[in-house]
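# Structure at a glance
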Amino acid sequence: MKIVTYNVNGIKARLPRLIEYLTEDQPNIVCLQELKSSDETFPVAEIEAAGYGAVWHGQKAWNGVAILAKGATPVVRQRGLDGEPEDEHSRYIEAEAGGIVVAALYLPNGNPQPGPKFDYKLRWMDRLAARARVLLAEEVPAVLAGDYNVIANDDDTYSVRAMQDDALMQPESRERYRALVGQGWTDALRTQFPKGGVWTFWDYQAGAWQRDAGFRIDHLLLSPQAADRMIDAGVDKAYRGRDKASDHAPTWVRLR
């Protein structure tokens, strides 16, 4: 079973690339972020034509998450996170698919920091941690897949100096990510590549892709029951180099 997290950076603009990926790679479950699409304009017909069922939590022009499953429609468990009722950002959806619980999440960027956007990022991470504890208590195979907007380690970026003032690499962001993992989750990509140096994102600017100046911010966290089934993990990097591609590459874990 191949489970993918993929920030598409606008599902309507990148729909040909997404359908291409689904058709060529045939992953079992795909968690999408940054749809930039309302619920009403989500391209469900095209996705179903490619052989995938879909559930989504959209927002016009911003944010938005979805879960796709090959040959089936995921069963939604929750949209959004508890703890901040006034939060209107569409950043979390959780569903059952293929016998596991999967959450697609798009964590706030948090820039500029310090400031209200960074404060929101930290609160959102606290709310995610609360939900993660509930999932662990269920003792089921579960995967928290998404764009976490956190560079967890120095070897997860091409340049510590370039990113040192960014919200993605602040001590508070890192501490919360590590505390989340410390609940009992397994960072799939880190487990597969313990020395780092594996990127999932390359900016459109300054020739980042051509220079391989990227960093790792797309993560798949596995509950113990899912981690026991892990075979391998990786990044389908070549898709970042295609015409009009997202600035993220599909990042995946394979489970027995």
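Residues numbered from 1 in each chain as written. Predicted model: local features only at pLDDT ≥ 70, side-chain atom pairs only at ≥ 80, totals over all residues. Heavy atoms only, no water.

A separate point is the packing of aromatic side chains. By the definition in use, this model includes six aromatic pairs. Taken together, a centroid distance of 4.3 Å and an interplanar angle of 15° make the contact between Phe42 and Trp56 stacked. Of this pair, Phe42 sits in the loop between strand S2 (29-33) and helix H2 (44-49) while Trp56 is found in strand S3 (residues 52-57), placing the two residues 14 residues apart along the sequence. Phe42 gets classed as buried once you look at its relative accessible area, which sits at 5%. Judged by centre distance (5.0 Å) and plane angle (40°), the rings of Phe201 and Phe215 are tilted. Residue Phe201 is found in strand S10 (residues 201-202), and its partner Phe215 is found in strand S11 (residues 214-215); the two are separated by 14 residues along the sequence. Phe215 matches Phe201 in its accessibility class, with the two residues each being buried. Lys2 extends its terminal NZ or CZ atom over the ring of Trp252, reaching a point 4.8 Å from the ring centre. (Phe/Tyr/Trp six-rings, centres within 6.5 Å; stacked < 30°, edge-to-face > 60°. Helix = DSSP H or I, 4+ residues; strand = E, 2+ residues; numbered from the N terminus. Buried < 20%, exposed > 50% of the residue type's maximum accessible area, 1.4 Å probe, protein only. Lys NZ or Arg CZ within 6 Å of the ring centre and 35° of its normal.)

So, about the pairing of strand S6 (residues 92-97). For S6, the tally of buried residues reaches five of six residues, placing the bulk of the element in the interior. Sheet topology note: the S6/strand S7 (residues 100-106) ladder contains six bridges and is antiparallel. Of the residues in S7, the one forming a bridge with Ala97 is Ile100. Once S6 ends, the chain turns through two residues before running back antiparallel as S7, passing Gly98 with a positive phi of about 60°. (Pairing = 2+ DSSP bridges.)

Another aspect to go through is the side chain of Glu94. Positionally, Glu94 belongs in strand S6. Setting aside residues up to four positions removed in sequence, Glu94 forms contacts with Ile67, Val75, Val76, Arg77, Gln78, Val101, Val102, Ala103, Arg131 and Leu135. (Contact = heavy atoms within 4.5 Å.)

It is worth spelling out the pairing of S3 at this point. A large share of S3 lies buried, amounting to six of its six residues. Side-chain alternation along S3 places Tyr52, Ala54 and Trp56 on one buried face and Gly53, Val55 and His57 on a second face that is also buried. Examined bridge by bridge, S3 and strand S4 (residues 65-70) share six bridges and lie antiparallel to one another. Directly across from Val55, in S4, lies its bridge partner Ile67.

Moving on, we come to helix H1 (residues 15-25). When we look at burial in H1, the residues that qualify are Leu15, Arg17, Leu18, Tyr21 and Leu22. Down the axis, H1 shows its buried residues gathered within 165° of arc, on one side only. Looking at the buried residues of H1, the elements they touch are strand S1 (2-7), S2, H2, S3 and S4. Phi turns positive, to about 55°, at Gln26, one or two residues after H1. (Arc of directions from axis to C-beta.)

Turning our attention to the environment of Pro250. Tracing the backbone shows Pro250 in the loop between strand S13 (230-235) and strand S14 (251-255). Put simply, Pro250 and Trp185 are 65 residues apart on the chain and 21 Å apart in space, counted from C-alpha to C-alpha. Excluding its chain neighbours within four sequence positions, the residues that come into contact with Pro250 are Val4, Thr5, Tyr6, Tyr21, Gly234, Val235, Asp236 and Tyr239.

This part takes up the sheet that holds S14. In spatial order, the strands read S3-S4-S2-S1-S14-S13; together these six strands make up an open sheet with mixed pairing. Each of the sheet's edge strands pairs with one partner strand only, and the pair in question is S3 and S13. Along the sheet, successive strands turn relative to each other by an average axial angle of 15°, direction set aside. Here five bridges tie S2 to S4, and the two strands are oriented antiparallel to one another. Looking at the pairing, Ile29 lines up with Ala69 of S4. (Axes fitted to C-alpha atoms, helices over the stretch in contact; angles between N-to-C directions.)

Now for the environment of Ala145. Examined against the element boundaries, Ala145 turns out to sit in strand S8 (residues 142-147). Judged by relative accessible area, which is 0%, Ala145 ranks as buried. As a C-alpha pair, Ala145 and Arg254 span 109 residues in sequence and 13 Å in three-dimensional space. Once residues within four sequence positions are removed from consideration, Ala145 is found in contact with Thr5, Cys31, Gln33, Ala103, Ala104, Leu105, His219 and Leu220.

This paragraph deals with the nonpolar core. Residues Ile3, Ile67, Val143, Leu222, Val253 and Leu255 are the most contacted members of the largest nonpolar core, which totals 30 residues. Sort the elements by how many residues they give to this core and S7 lands first, with four residues. Not counting residues up to four positions away in its chain, the partners in contact with Ile3 are Ile29, Ile100, Val143, Leu220, Thr251, Trp252, Val253 and Leu255. One finds Tyr120, Leu128, Leu135 and Leu180 within the second-largest nonpolar core, a separate group that totals 23 residues. (Core = buried A, V, L, I, M, F, W, Y, C linked by side-chain atoms within 4.5 Å.)

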